[in-house]
Amino acid sequence: MLDLKFIRNNVEKIKRAIELKNDHADVDKLIELDTEKRKMLIEVEDLKRQRNTVSEEIGNMKKLKQDASEVIAKMRNVSDKIKELDEQIRKLDEQIFEIQIRIPNIPHPSVPEGKDESANIEVKKWGELPEMDFQPLPHWEVGEKLGILDLAGGSKVSGSFFINYMGLGARLQRALISFMLDLHIKKHGYIEVYPPFIVNRESMFGTGQLPKMEEDMYHAAVDDLFLIPTAEVPVTNLLRDQVLKGENLPVYYTAYTPCFRREAGTHGKDTRGLIRVHQFDKVEMVKFVDPKVSYDELETLLGNAEEVLQLLELPYRVLTLASGDLSFAAAKCYDIEVWAAGLSKWLEVSSCSNFEDFQARRANIRFKRDPSSKPEFVHTLNGSGLALPRTVIAILENYQTDEGTIIVPEVLREFMGTDIIK
RNA sequence: GGAGAGGUGCCGGAGCGGCUGAACGGGGCGGCCUGCUAAGCCGUUGUAGGUCUUUGAUCUACCGAGGGUUCGAAUCCCUCCCUCUCCGCCA
């Protein structure tokens with residue numbers, strides 16, 4: 001969410017940003033409502049001041065046993081008028097808020113302009129694409145043949161696009177989760193968090209999923225709770241409504257959670273096997289930082305995610321997302337795409353974003369630079385490190401042999417208890 | 001799910017319906033004192049928003065949230081939320 005004062009003073013800039021993000025929000029209407037509201041505020045505050053002073057006088061008169069009934073009658077009218085105006089202001093505030101919360105974050109100047117992913121810019125490539133002297137199979141064939149991937153089981157117990165892993169497939173999930181968490185807590189200095197997987201409406205609003213993405217999430221209607229689409233939601237909201245000490249920044253959290261996404265409207269292409277599923281595992285990194293250093297922090301966050309792939313020895317590339325491909329709340333975002341040999345495609349396994357103070361304002365997460373200074377909003381960042389299904393795809397496809405077995409990446413062997421899946 | 005207790009400022013903790021933005025204590029900040037530290041003393045210390053003659057002045061709102069009563073509510077009434085204790089149920 002953007003600051004109302006900032007919106008007032010930067011109307012053109014914001015309209016441009018909305019356009020760059022292929023979004024819609026009626027900024028003119030907001031300004032109109034805001035102007036009207038402030039006019040009424042002046043009026044009602046003046047009446048309240050009257051009421052306060054006169055009420056005090058009434059108190060004094062009563063103490064002196066004087067008759068105050070005439071003044072009281074007059075104040076009754078004033079109070080009614082105040083009630084009326086307050087109600088109108090409340091309605092205006094509501095309307096303003098409804099527009100305000102739908103204005104997207106403004107892209108950082110370094111973000112390439114462009115209406116969709118075709119304008120994304122590749123900024124880095126790492127590793128060699130595997131060369132195979134046989135035709136590599138897609139992961140669903142490798143996985144089903146080895147009995148570690150059970151697509152039929154998943155769809156039987158839940159529905160299509162739900163996955164069941166068996167044996168070493170199941171263990172591979174656990175191995176990847178442990179490996180990633182260990183890396184982030186031991187080497188990169190994150191604190192491990194194990195948050196709730198179901199959250200309330202306030203949390204979904206805080207990180208910006210609501211109101212725009214409501215139909216993309218699983219919702220437990222009786223309790224009005226949502227299954228998290230990413231650990232970003234519970235982990236970021238842990239610090240909601242807090243004022244942190246400046247000396248405690250930056251705060252680095254990492255968490256494993258399953259993620260639940262309805263993926264409404266995306267059924268169709270590129271959805272076979274593990275490519276796009278309703279429930280998947282992910283290790284997420286979340287940072288709360290001083291605004292002055294948030295873009296440096298974005299680079300190290302990206303590096304932390306990259307290191308996972310480097311250690312797994314999976315080739316990848318990094319893209320800077322164009323404005324039109326940026327999510328609602330992000331000011332800048334890098335995507336990491338891993339190479340999948342069987343599909344012969346790059347697959348997104350991580351998004352590393354700087355939200356600046358956009359989420360912090362919504363979730364009211366602040367810090368005091370010094371004990372005596374005013375609270376400021378922190379900057380929040382998060383990045384996947386990494387999403388599991390596509391990492392699994394890359395492992396199954398890139399590490400497959402012509403015998404249909406899979407060589408376990410070096411760093412996972414201690415977790416897997418084997419160096420080969422056969 | 002049942003019974004009870006409670007939610008006040010950075011923290012603890014007061015608060016006959018009117019001079020309480022909030023006593024008192026602690027903490028923080030500034031200063032005095034001190035060889036240094038501690039103690040002691042003095043002062044200061046919330047957030048948000050509006051207006052203006054806009055680095056200051058002034059006004060308004062905020063005592064879990066939302067309503068209500070009243071000329072006037074932290075204080076009275078209603079609803080909801082949360083926390084704690086006990087009982088029941090359960091992985």
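A quick note: this is a predicted structure, and the numbers were derived from the prediction, not measured. (Residues numbered from 1 in each chain as written. Chains lettered and ligands numbered in written order. Predicted model: local features only at pLDDT ≥ 70, side-chain atom pairs only at ≥ 80, totals over all residues. Heavy atoms only, no water.)

(A) Spotlight on the nonpolar core. In terms of nonpolar packing, the biggest core is built from 60 residues, with Leu176, Met180, Leu309, Leu314, Ile336, Ile406 and Leu412 touching the most fellow members. Ranked by residues supplied to this core, first place goes to helix H7 (residues 168–187) with eight residues. Those residues in contact with Leu309 that lie beyond four places of it in its chain are Trp126, Leu314, Tyr316, Ile336, Val338, Val349 and Leu386. Among the nonpolar cores identified, the runner-up in size contains 36 residues, and Met40, Ile58, Ile103 and Phe358 belong to it. (Core = buried A, V, L, I, M, F, W, Y, C linked by side-chain atoms within 4.5 Å. Buried < 20%, exposed > 50% of the residue type's maximum accessible area, 1.4 Å probe, protein only. Helix = DSSP H or I, 4+ residues; strand = E, 2+ residues; numbered from the N terminus. Contact = heavy atoms within 4.5 Å.)

(B) Geometry of the protein's contact with RNA strand B. If you check the shell around RNA strand B, you find 25 residues, and the closest are Arg8, Ser55, Lys63, Arg76 and Ser79. Restricting the count to atoms of RNA strand B within 4 Å of the protein gives a sugar and phosphate share of 68%. Contact distances for RNA strand B include 2.3 Å between a phosphate oxygen and a side-chain N or O atom of Arg76. Note that a phosphate oxygen of RNA strand B is positioned 3.5 Å from one of the side-chain N or O atoms of Lys83. Of all the elements, helix H3 (residues 27–63) adds the most residues to the surface near RNA strand B, at 14 residues. When its residues are assigned to classes, the surface near RNA strand B shows seven nonpolar, five polar and 13 charged. (Near = heavy atom within 4 Å. Polar contact = N/O pair within 3.5 Å; in protein donor to acceptor, adjacent residues only side chain to side chain. Nonpolar A, V, L, I, M, F, W, Y, C, P; charged D, E, K, R; others polar.)

(C) Fine view of the packing of aromatic side chains. By the definition in use, this model includes seven aromatic pairs. Taking the centre distance of 5.5 Å and the plane angle of 15° together, the rings of Trp126 and Tyr316 count as stacked. One end of the pair, Trp126, is in strand S1 (residues 121–126); the other, Tyr316, is in strand S11 (residues 316–320), with 190 residues separating them in the sequence. On the accessibility criterion, Tyr316 (0% relative accessible area) is buried. Consider the rings of Phe328 and Phe358, whose centres lie 5.4 Å apart with planes at 85°: the pair is edge-to-face. Here Phe328, found in the loop between S11 and strand S12 (332–340), pairs with Phe358, found in helix H11 (residues 358–363); they are 30 residues apart in sequence, far enough to count as distant. (Phe/Tyr/Trp six-rings, centres within 6.5 Å; stacked < 30°, edge-to-face > 60°.)

(D) A look at the sheet that holds strand S6 (residues 219–220). The three strands lie next to each other as S5-S7-S6, forming an open sheet whose pairing is antiparallel. The sheet terminates laterally at strand S5 (198–199) and S6, the two strands that pair on one side only. Sheet topology note: the S6/strand S7 (residues 225–227) ladder contains two bridges and is antiparallel. Paired with Ala220 across the bridge in S7 is Leu225. (Pairing = 2+ DSSP bridges.)

(E) Region of interest: unusual backbone geometry. Note that the residue after Leu210, namely Pro211, is joined by a cis bond; omega there is 5°. Checked against the element boundaries, Pro211 lands in the loop between helix H8 (201–206) and S6. For the peptide bond that leads from Leu249 to Pro250, omega is -5°, which places it in the cis range. Secondary-structure assignment places Pro250 in the loop between strand S8 (242–245) and strand S9 (251–260). For Asp241, which is not glycine, the phi torsion reads 60° and is therefore positive. Tracing the backbone through its elements, the reader meets Asp241 in the loop between helix H9 (232–237) and S8. Residue Asp241 is classed as exposed on the basis of its relative accessible area, which comes to 54%.

(F) Structural view of the domain arrangement of chain A. As far as domains go, chain A holds domain 1 (4–100) and domain 2 (117–421). With centres defined by C-alpha atoms, the gap from domain 1 to domain 2 works out at 44 Å. Between domain 1 and domain 2 the total buried area reaches about 530 Å² when both faces are included, carbon and sulfur atoms providing 43% of it. When the area that domain 1 buries against domain 2 is broken down by residue, the three leading residues are Leu20, Lys21 and Asp23, summing to 73%. Here Asp23 ties to Lys212 by a salt bridge, and the two come within 2.7 Å at their closest N and O atoms. (Domains from an automatic or database assignment. Buried area = accessible area lost by both parts, 1.4 Å probe. Salt bridge = Lys/Arg side-chain N within 4 Å of Asp/Glu carboxyl O.)

(G) Up close: the pairing of strand S10 (residues 279–289). The element S10 is extensively covered by neighbouring structure, given that ten of its eleven residues are classed as buried. Bridge count for S9 against S10 is ten bridges, and the pairing is antiparallel. From the neighbouring strand, Val251 faces S10, where its bridge partner is Phe288. Bridging between S10 and strand S16 (residues 379–387) involves seven bridges; their strand directions are antiparallel. Note that in S16 the partner of Val286 across the bridge is Asn382.

(H) Layout of helix H4 (residues 69–100). Here H4 is 32 residues long and its end C-alpha atoms lie 45 Å apart, about the 46 Å a rise of 1.5 Å per residue gives. When H4 is considered as a whole, its buried residues turn out to be Met75, Val78, Ile82, Leu85, Ile89, Leu92, Ile96, Ile99 and Gln100. Where H4 is buried, its residues meet helix H1 (4–9) and H3. (Expected span 1.5 Å × (residues − 1).)

(I) Broad picture of the side chain of Gln173. Summarising the element assignment, Gln173 is placed in helix H7. Excluding residues that lie within four positions of it along the chain, Gln173 makes contacts with Tyr165, Asp281, Leu388 and Val392.

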